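These are the residues of each chain, in order.
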Amino acid sequence: MGDMSNIRNIVILTGAGVSAESGIDTFRSAGGLWENHRVEDVATPEAFARDPNLVLRFYDARREAIQTKAPNPAHDALARLDAGWNGNLLLVTQNVDDLHERAESRRLLHMHGEHLNAWCSFCDTRHRWRAPLLDRPPCPACGSRALRPDIVWFGEMPYRMDEIYAALREVDLFVSIGTSGAVYPSAGFAQTARELGARTLELNLEPSQGSRMFHECRHGPASEVVPAWAEEMLAG
Ligand code: BV8
């Protein structure tokens, strides 16, 4: 990892690979298919407008499934690092499961939304939601039947981008964990960090589409490579 003494501000980006060993399917290992639909064809506002029941069934199934899963050693190691790191640390996850929260990461944001939230497209309120949305339950705030998954679909603006870029401007070490580097703008963060002079590290099962952007890559299952890296950082 080279000279780590001057690392103070860390930004970590996680993707589906950090949840894979918890039993949550990644997008592209399963060929990105769900009932013969590509995720890019279901996770869009157009798909929701065209066939809302198909999209709601897709998200109801995944919302239910994540509630049967548990954090793995990678989530736990990231939470330990969050608790023990004296500098700035921001965990930006692309994942819409709640495993980082359940591992007790605190300095965390979901740039692509959360399965366990419902968003009312009529009154723009968000509600913690564990049940299905297929039967179009009424919004707790306005009573309309306009609840949708609180998920950033393709073509929609990811959440809290201003906070992410503010953190990237100060970053000393950018770490990408368990993501294929297939989707933007998240896939561009490593280049942004590198251009700003930060060190960049990839922890992934295998080389990603963006591996060449990283000063260092460590390949292996997240449950092994992430705890090893987190302990190294905490050992200073
Ligand atoms: C936007 C929520 C603009 C949905 C998601 C052409 C060129 C470039 C870009 C585009 C283009 N056409 C369109 C775009 C933009 C588009 C995009 O990038 N498309 C891609 C497909 C080309 N992006 C968008 O639309 C974004 N919005 O650009 O808005 C805009 C501007 C102004 C105003 C308004 C709008 C929005 C993107 C967000 C989409 N939503 N998720 C849901 O979850 O249902 S994306 C979804 O896929 C995930 O959230 C994640 O972000 C993304 C990538 O998935 P990964 O997490 O990386 O998972 P993947 O399966 O791909 O990889 C897993 C990795 O883990 C692998 O590398 C594997 O090796 C590794 N792994 C597996 N097991 C393990 C492991 N690693 C360690 N241990 C293991 N055990």
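Residues numbered from 1 in each chain as written. Predicted model: local features only at pLDDT ≥ 70, side-chain atom pairs only at ≥ 80, totals over all residues. Heavy atoms only, no water.

(A) Main features of the pattern of salt bridges. Taken as a whole, this structure holds 14 salt bridges when the rule is applied. When the shortest N-O distance is used, the salt bridge between Arg-63 and Asp-60 registers 2.7 Å. Taken as a pair, Arg-63 and Asp-60 lie in helix α3 (residues 52-66) at a separation of 3 residues, close to a single helical turn. For the pair Arg-63 and Asp-60, one class covers both residues: buried. Here Glu-104 makes a salt bridge to Arg-106, at a shortest N to O gap of 3.9 Å. The exposure class of Arg-106 is exposed, given its relative accessible area of 62%. (Salt bridge = Lys/Arg side-chain N within 4 Å of Asp/Glu carboxyl O. Helix = DSSP H or I, 4+ residues; strand = E, 2+ residues; numbered from the N terminus. Buried < 20%, exposed > 50% of the residue type's maximum accessible area, 1.4 Å probe, protein only.)

(B) Fine view of unusual backbone geometry. Note the cis peptide between Tyr-184 and Pro-185, where omega equals 5 degrees. Topologically, Pro-185 is positioned in the loop between β9 (173-177) and α7 (189-195). Positive phi, close to 60 degrees, is recorded for Asp-124, a residue that is not glycine. Positionally, Asp-124 belongs in the loop between β6 (113-120) and β7 (126-128). Positive phi, close to 50 degrees, is recorded for Arg-136, a residue that is not glycine. Along the polypeptide, Arg-136 turns up in the loop between β7 and β8 (147-151).

(C) A look at the pairing of strand β11 (residues 216-219). In β11, alternate side chains face the same way, and those of Glu-216 and Arg-218 are buried while those of Cys-217 and His-219 on the opposite face are not. Where strand β10 (residues 199-204) meets β11, 4 bridges bridge the pair, whose relative direction is parallel. Note on β11: the bridge partner recorded for Glu-202 is Cys-217. (Pairing = 2+ DSSP bridges.)

(D) Representation of the environment of Pro-140 in the model. Within the secondary structure, Pro-140 sits in the loop between β7 and β8. For Pro-140, a relative accessible area of 54% corresponds to the exposed category. Note: C-alpha distance between Pro-140 and Glu-231 (91 residues apart in sequence) is 44 Å. Here Pro-140 is in contact with His-127, Trp-129 and Leu-147, once residues within four sequence places are set aside. (Contact = heavy atoms within 4.5 Å.)

(E) Inspection of the site of the ligand at higher detail. Surrounding the ligand, one finds 34 residues, the nearest of these being Arg-28, Tyr-59, Gly-155, Ser-180 and Glu-206. Contacts to the ligand include Asn-204, whose side-chain N or O atom sits 3.0 Å from an oxygen atom. Contacts to the ligand include Glu-206, whose side-chain N or O atom sits 2.5 Å from an oxygen atom. Taking 1,500 Å² as the accessible area of the ligand by itself, protein coverage stands at 74%. Of the residues in the shell around the ligand, the class split is 17 nonpolar, 11 polar and 6 charged. (Near = heavy atom within 4 Å. Polar contact = N/O pair within 3.5 Å; in protein donor to acceptor, adjacent residues only side chain to side chain. Areas by Shrake-Rupley, 256 points an atom, 1.4 Å probe, with all protein chains shown as cover. Nonpolar A, V, L, I, M, F, W, Y, C, P; charged D, E, K, R; others polar.)

(F) Highlighting the sheet that holds β11. Strand order in this open sheet of 6 strands is β5-β4-β1-β9-β10-β11, and the pairing throughout is parallel. The sheet terminates laterally at β5 (108-110) and β11, the two strands that pair on one side only. Recorded for the sheet is a direction-independent mean angle of 15 degrees between the axes of neighbouring strands. Here strand β4 (residues 89-93) pairs with β5 via 3 bridges, running parallel. Bridge pairing links Val-92 to Leu-109 in β5. Sheet contacts for helix α4 (residues 73-84): β1 (10-14), β4 and β9; angle to β1, the most-contacted strand, approximately 160 degrees. Helix α6 (residues 161-169) contacts β1, β4, β5 and β9 of the sheet and is inclined by roughly 135 degrees relative to β4. (Axes fitted to C-alpha atoms, helices over the stretch in contact; angles between N-to-C directions.)

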